[in-house]
Amino acid sequence: MVLVTGGVGYIGSHTVVELLNENYEVVIVDNLCNSSMLVLDRIRKITNKEFKFYNLDVTDKNSLKIVFEENDIDSIIHFAALKAVGESVEKPLEYYKNNIVGALVVFDLMKEYNVNNFVFSSSATVYGKPESCPIREDFSLSTTNPYGATKLMIEDIMRDLSRANKNLNLAILRYFNPIGAHISGIIGEEPKGIPNNLMPYITKVAIGQLKELNVFGDDYDTPDGTGVRDYIHVVDLAKGHLAALKKLKEKPGLVTYNLGTGQGYSVLDLVKSFENVSHINIPYKITDRRPGDIGMCYADPTKAYKELGWKAEFGIERMCEDSWRWQSNNPKGYEENSELLDMITSEI
Ligand code: NAD
Ligand code: UD1
């Protein structure tokens, strides 16, 4: 059985769908601090499969212990974390407490219950300001904000745990920029308030909830001057977790992989692709750079391909299409009423 912490969230829910599709037994733990209970039903609707769910906080060891007691867990995918960079600068203690303590509690229980397989959601943010692109896994690591620091600290803890216990099989997955949604259009990304990230901001402009996109700088050393990123379809990313789980069965010890496409797109490229597939004009204005941003960030995903046999399949247009389907079917995210959900899902 696979324990998925944070399995109700954006990447977690898509990963649970892929796990269920591949007939894994799944138990989800999530305290719903950044997700909606409605996701659970939608996962069931997509997969027609059952799974277990516990509404609890992974930093609460006594509660999480019950999950280990009641289920025969052999692997863990640990998504549960707070993830907003700006908020982490304002509330560092919350981030260190939630993300670091959460991971420590999980590691503790793995030891107590002899669970040896663990997959961790890391981020391209651990490369700080990369020396060049594409970025390989052996590039130097650094961080510039508390969120990034929690990712790097947990990676460091994993490296120490692996040195101390050769029975552990640990995968560090460094995600680049996940966008898109499941093709059903009934699960997707739902940021609270005004989105910080580019794709959700674009879809909110497209649906008329925001007036125009602010493009944060056009004077970077990139082809059109705007920031370049490695956008990856969330379903491709989800499948990377299944590939990692399979790898862990070979008992490799600690492994680290970039999960990206290897392809960089600028802000204006993404706007153009979105306009092409949605046939909606996205008004934008160029503003100052966002503090802390880097110009260019894209992966060298060769290692994941060689060692996991995994590579991203979906291109940028499909990512835009699926993000748009999710947003236009769910203009208020998961607040939508269930009648509409029934209408949409009857067509799947
Ligand atoms: P998300 O916020 O949608 O999902 C995280 C889930 O964890 C949420 O459902 C939240 O309720 C839950 N959670 C948080 N703290 C918890 C706690 N203490 N106990 C139980 N549940 C808790 O975020 P996401 O985009 O799906 O990200 C998943 C993971 O991937 C995170 O660790 C994030 O840092 C990492 N990551 C995300 C991105 C990205 O761009 N989305 C990029 C790199 C890494
Ligand atoms: C985000 C995270 C980072 C994480 C990375 C990969 C933030 C601040 N950083 O960064 O920690 O590792 O995803 O998941 O959330 N942009 C605009 N206008 C907008 C929003 C963004 O022009 O309204 C630009 C940015 O300057 C950047 C690009 O779009 O060039 C992508 O931005 P974003 O989606 O926030 O992702 P990252 O900056 O890569």
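Refer to the structure above for everything that follows.
Throughout what follows, the structure given in this document is the object of discussion. Computed from a prediction, not measured in an experiment: that's the story for all the values here. (Residues numbered from 1 in each chain as written. Chains lettered and ligands numbered in written order. Predicted model: local features only at pLDDT ≥ 70, side-chain atom pairs only at ≥ 80, totals over all residues. Heavy atoms only, no water.)

Some points on the site of ligand 2
In the vicinity of ligand 2, 21 residues are found, and the nearest of them are S123, N214, R229, R290 and D293. In the model, an oxygen atom of ligand 2 is placed 3.5 Å from a nitrogen or oxygen of the T125 main chain. Between F216 and ligand 2, the recorded distance is 2.9 Å, taken from a backbone N or O atom to an oxygen atom. For ligand 2, whose free accessible area comes to 740 Å², the fraction covered by protein is 87%. (Near = heavy atom within 4 Å. Polar contact = N/O pair within 3.5 Å; in protein donor to acceptor, adjacent residues only side chain to side chain. Areas by Shrake-Rupley, 256 points an atom, 1.4 Å probe, with all protein chains shown as cover.)

A word on the site of ligand 1
Lining the immediate environment of ligand 1, one finds 26 residues, of which D30, N34, S35, K83 and Y147 sit closest. A distance of 2.6 Å separates an oxygen atom of ligand 1 from a polar atom in the side chain of D30. Residue K83 places a side-chain N or O atom 2.7 Å away from an oxygen atom belonging to ligand 1. Out of a free accessible area of 820 Å², ligand 1 has 95% covered by protein chains. In terms of residue count, the dominant contributor to the shell around ligand 1 is strand 5 (residues 117–123) (three residues). Here the shell around ligand 1 is composed, by residue class, of 13 nonpolar, nine polar and four charged. (Helix = DSSP H or I, 4+ residues; strand = E, 2+ residues; numbered from the N terminus. Nonpolar A, V, L, I, M, F, W, Y, C, P; charged D, E, K, R; others polar.)

Points about the side chain of D30
Checked against the element boundaries, D30 lands in strand 2 (residues 26–30). Although D30 is buried, it forms no salt bridge, and the closest oppositely charged side chain is K192 at an N-O distance of 9.1 Å. Separated by 3.2 Å, the side chain of D30 and the backbone nitrogen of V8 make a polar contact. Not counting residues up to four positions away in its chain, the partners in contact with D30 are G6, G7, V8, G9, S35, F53, Y54, N55 and L56. (Buried < 20%, exposed > 50% of the residue type's maximum accessible area, 1.4 Å probe, protein only. Lys, Arg positive; Asp, Glu negative; His and termini not counted. Salt bridge = Lys/Arg side-chain N within 4 Å of Asp/Glu carboxyl O. Contact = heavy atoms within 4.5 Å.)

Side note on the pattern of salt bridges
Scanning the entire structure with this criterion turns up 21 salt bridges. Note that D138 is salt-bridged to R136, the shortest N-O span being 3.1 Å. Accessibility expressed as a relative area gives 56% for D138, which makes it exposed. The salt bridge partner of R163 is D160, with a shortest N-O separation of 2.8 Å. Taken together, the residues span about one helical turn, with R163 and D160 both in helix 6 (residues 146–164) at a distance of three residues. Residue classification places R163 among the exposed positions, given a relative accessible area of 58%. When salt bridges that share partners are traced, they join K61, K65, D108 and E112 into one network.

Re the sheet that holds strand 12 (residues 265–266)
Judged by pairing direction, the sheet is mixed, and its three strands sit side by side in the order 12-9-14 without closing on themselves. Of all the strands in the sheet, just strand 12 and strand 14 (296–297) have a single pairing partner and so form its edges. By the bridge criterion, two bridges tie strand 9 (residues 228–229) to strand 14 in an arrangement that is parallel. Following the sheet pairing, R229 is matched in strand 14 by C297. (Pairing = 2+ DSSP bridges.)

Side note on the environment of Y95
Looking at the element boundaries, Y95 is found in helix 5 (residues 92–112). Take Y95: its relative accessible area is 0%, and that puts it in the buried class. Sequence spacing of Y95 and N55 is 40 residues, and the spatial spacing of their C-alpha atoms is 20 Å. For Y95, the residues in contact, after removing those within four places along its chain, are L82, K83, A84, E87, S88, I100, Y147 and T150.

Examining the sheet that holds strand 11 (residues 254–259)
Spatial ordering of the open sheet is given by 3-2-1-4-5-6-11, a layout of seven strands whose pairing is parallel. At either margin of the open sheet sits one strand with a lone partner, and together these are strand 3 (52–55) and strand 11. Recorded for the sheet is a direction-independent mean angle of 15° between the axes of neighbouring strands. Sheet topology places strand 1 (residues 2–5) next to strand 4 (residues 75–78); four bridges connect them, and they run parallel. Directly across from V2, in strand 4, lies its bridge partner S75. The strands that helix 1 (residues 10–21) touches are strand 1, strand 2, strand 4 and strand 6 (169–175); relative to strand 2, the one it contacts most, it runs at about 170°. (Axes fitted to C-alpha atoms, helices over the stretch in contact; angles between N-to-C directions.)

These values are about where atoms sit, not about what they do.
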